[in-house]
Structure formats: structure tokens, C-alpha cells
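Examining the three-dimensional arrangement
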Amino acid sequence: MKVTIITATFNSAKTLALNLNSVARQSYKNIEHIIIDNCSNDGTLELANSYAHIFRIISEKDKGIYDAMNKGIANATGDIIGILNSDDYLASENTIANIVSEFKSTNAQATYGNLIYVDNKHPEKIKRVWISGGYDPKLFYSGWMLPHPTFYVKREVYQQYGVYNDSFKYAADYEMILRLLLKHKINIAPMREVIVYMLAGGAGNKDLGTRIKVNLEDRRAWQTVGLTPKWYTLHFKPLRKLWQYMLHLLSVKWLVHIPPAHENGSFIYDHSNQEAKLIDINSEKF
């Protein structure tokens, strides 16, 4: 099975090497990594071109990140498609091999796993722990959402049910997942494994004003897919993040372990030459 990994970039040189190294070192080699770039001018393209594993780079103006993701899907030839944002990186050299194994063993149409938010300057420091848990469609009504960067989908699913609705600025991933899982009920197999490490500070987590805009788009996502949430659904959704922070504050070593930097488990980022060196990261199962 071929896996397509899509990375949308815009002046991403400071973080992109973490992403590229994590893909380049995968033990599973049948991967095409596609970069969709929005006319970067900070060295992003030069950095991406320096990695031999990159399958294709498309650099042109786009209408936003979801438009870029759709371009990547349109150019994908893999059986399985995943989105790895420019400030995300795969948790282990065996992450993609494990994902492919999950698809083969379950015959699922999609899978997802767990995600760790780390400090954007010190990746060895945990900020949030997103343990997604098992899948039950009823969870959506209590504000549940799977971590979109860990979501891997058969290409045929996108062909059948459509790609990202780029009329959304923040919630096209939420609309997509509601549409695929809750409306069309595709077969999904959860993985109890850390799939992605994300540098903290995404577009939907900046400030209160942005959070309000996200909540409004979340409401429109339900309307767009023709479903009706409970009165409390969209109140509970942001509250679920509090538990992710609490897992960190309560010390979650019994749940997940991030090996310390400079020893055996993190990226070391060299700002002088914009090169990230990956020492080792072991994905966790729990």
C-alpha cells in the first residue's frame, strides 16, 4: 500500500525540517510526500528541495490551508492519505508502518491515534496530551473530536464523499470528519498510539476572538452536513481541551512518555543552519 503525506507550507522554514526528517526516516518506504507551498520566500522551498524523499513540490498562490490540502489530495496517488502540517512531525520511525498494518489488519477505511502538543521552542516539553480513545459516533454529541493530524484515510473515501470544504477558514477538518464518520459512517479503526507531535500554537488556538470564530464555524459544520447537535455539544467541545491540559499538569508519565531532548528521544533544532537533527522517538502504546 502506498501512503501519501501532504504538507501545506507558507514561510515554514523554521519548523519544516522537523516534519521532513520525520518522514525521511520512516522504516516504511512506500511513501510519497507532497509539499503544497503558498509562494514562500523564507527558504522553505530550498529546504524542501534538499530532501531526496520528496515526491512533488507545488508552489503557487492558494486560498488557504484547506485549499492547499485539496490540491495535495488531487495530486495524491497513494492508497492512504494523511495530512502532516508544516509544524507537525511523526512520532516514530515506525509510525507509517504501524498505520499501514492497522489498515491491512482491520480492512478499515480510516484510522487515527493520539497527539502530543509540545513547546514550539523546546519540543521535549509537553504542553497538552490528546488521548483520543476508542470510537463511538455518540461521542460527537458530547463535543468529541479526533486529532485531525493523526487522521489517515483511504483515497477512495475522498473520491466518494468529497474533500475539504474550503469555505471554512478554521473548521473544514471538523466538517470533514463529521461528514465522513457521522453522516456516511465510514469504517474506522482507532490506534492506541501516539501518531504525531505538534508544535503548540495552531491557527484555531490563538485567542478568545479566534475561539469564538471557530465555535461559529463548528456550528455551521453541523448544518452543512445536515446533522443537528445537542444543545450542549458545542459548549462541551472546547471544554474537552481542559482535560488535555490537566493530563499534562497532573503528570502523565503513567500514560505517555516523551523522551527528553539531547538524550534519546527528541529533535534538536539548529537555528544557525535551519537543519533539524532527529535523535530518536519511540511511539507509545497504552
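Since this is a predicted model, take the numbers as computed values, not measurements.

The rules behind each value
Residues numbered from 1 in each chain as written. Predicted model: local features only at pLDDT ≥ 70, side-chain atom pairs only at ≥ 80, totals over all residues. Heavy atoms only, no water. Helix = DSSP H or I, 4+ residues; strand = E, 2+ residues; numbered from the N terminus. Buried < 20%, exposed > 50% of the residue type's maximum accessible area, 1.4 Å probe, protein only. Contact = heavy atoms within 4.5 Å. Areas by Shrake-Rupley, 256 points an atom, 1.4 Å probe, with all protein chains shown as cover. Core = buried A, V, L, I, M, F, W, Y, C linked by side-chain atoms within 4.5 Å. Salt bridge = Lys/Arg side-chain N within 4 Å of Asp/Glu carboxyl O. Pairing = 2+ DSSP bridges. Right-handed = clockwise from strand over helix to strand, strands pointing away. Phe/Tyr/Trp six-rings, centres within 6.5 Å; stacked < 30°, edge-to-face > 60°. Expected span 1.5 Å × (residues − 1). pLDDT = per-residue confidence, 0-100. Polar contact = N/O pair within 3.5 Å; in protein donor to acceptor, adjacent residues only side chain to side chain.

1. So, the overall build of the protein chain
Of regular secondary structure, the protein chain possesses 8 helices and 11 strands. For the protein chain, the proportion of its 286 residues judged to be buried stands at 53%. Sequence-distant contacts, at least 24 apart, represent 75% of the contacts inside the protein chain between residues at least 6 apart. Total accessible area on the protein chain stands at roughly 12,900 Å², and carbon and sulfur atoms take up 52% of it.

2. Observations concerning the nonpolar core
Ranked by size, the top nonpolar core spans 59 residues in total, and within it Val3, Ile5, Ile96, Phe151, Tyr152, Tyr164 and Leu181 carry the most contacts. When residues in this core are grouped by element, the largest group, 8 residues, is from helix H6 (residues 172–183). What Ile5 contacts, discounting residues up to four positions off in sequence, is Val23, Ile31, Glu32, His33, Ile34, Gly82, Leu84, Leu90, Ile96 and Tyr152. Tyr89, Ala91, Val129 and Leu199 belong to the second-largest nonpolar core, a separate cluster that totals 10 residues.

3. A word on the pattern of salt bridges
All told, the structure shown has 6 salt bridges when counted by the stated rule. Of the charged contacts in the structure, one is a salt bridge between Glu175 and Arg179, with a shortest N-O distance of 2.7 Å. Highlighted residues: Glu175 and Arg179, both in helix H6, separated by 4 residues, approximately one helical turn. The salt bridge involving Lys237 is made with Asp218; its shortest N-O contact spans 3.1 Å. Taken together, the residues Lys237 in helix H8 (residues 233–249) and Asp218 in helix H7 (residues 208–224) connect sequence positions 19 residues apart. The buried category is assigned to Asp218, whose relative accessible area is 2%.

4. Considerations on the pairing of strand S3 (residues 54–59)
Regular strands have side chains that alternate between both faces of the sheet. Relative to S3, strand S2 (residues 31–37) is paired through 5 bridges, and the arrangement is parallel. Bridge pairing links Ile36 to Ile58 in S3. Running through helix H2 (residues 44–49), the crossover from S2 to the neighbouring parallel element S3 is right-handed.

5. Focus on the packing of aromatic side chains
The final tally for this structure, using the stated rule, is 10 aromatic pairs. Here the aromatic rings of Tyr141 and Trp222 are separated by 5.3 Å at their centres, their planes lie at 55°, and the arrangement is tilted. Of this pair, Tyr141 sits in the loop between strand S7 (126–130) and strand S8 (152–154) while Trp222 sits in helix H7, placing them 81 residues apart in sequence. Among the residues examined, Tyr141 registers a relative accessible area of 22% and is labelled partly exposed. Look at Trp222 and you get buried, because its relative accessible area is 0%.

6. So, H6
H6 sits mainly inside the fold: 11 of its 12 residues count as buried. The complete set of buried residues in H6 reads Ala172, Asp173, Tyr174, Glu175, Met176, Ile177, Leu178, Arg179, Leu180, Leu181 and Leu182. Immediately downstream of H6, the backbone of Lys185 shows phi near 55°, a positive value.

7. Some words on H7
In this model, H7 (17 residues) spans 24 Å end to end at C-alpha, consistent with the 24 Å of a helix rising 1.5 Å per residue. Three or more residues of H7 are buried, namely Thr210, Val214, Asn215, Glu217, Asp218, Ala221 and Trp222. Trailing H7 by a residue or two, Gly226 shows a phi angle of about 75°, which is positive.

8. Overview of the pairing of strand S9 (residues 188–199)
Among the 12 residues in S9, 10 count as buried, and that is most of the element. As paired strands, strand S5 (residues 88–90) and S9 are joined by 3 bridges and run antiparallel to one another. By the bridge assignment for S9, Asp88 is matched with Met198.

9. Considering the confidence of the model for the protein chain
Chain-level pLDDT for the protein chain is 85 on average; 82% of the residues reach the 70-or-more range. Contacts for the low-pLDDT stretch residues 251–286, under 50 throughout, to residues beyond four places or in other chains number 90 contacts.

10. Concerning the side chain of His33
Within the fold, His33 resides in strand S2. For His33, a relative accessible area of 0% translates into the label buried. Polar contacts involving the side chain of His33 include one to the side chain of Thr7, which spans 2.8 Å. Not counting residues within four places of it along the chain, the set of residues in contact with His33 comprises Ile5, Thr7, Asn19, Leu20, Val23, His53, Ile54, Phe55 and Arg56.

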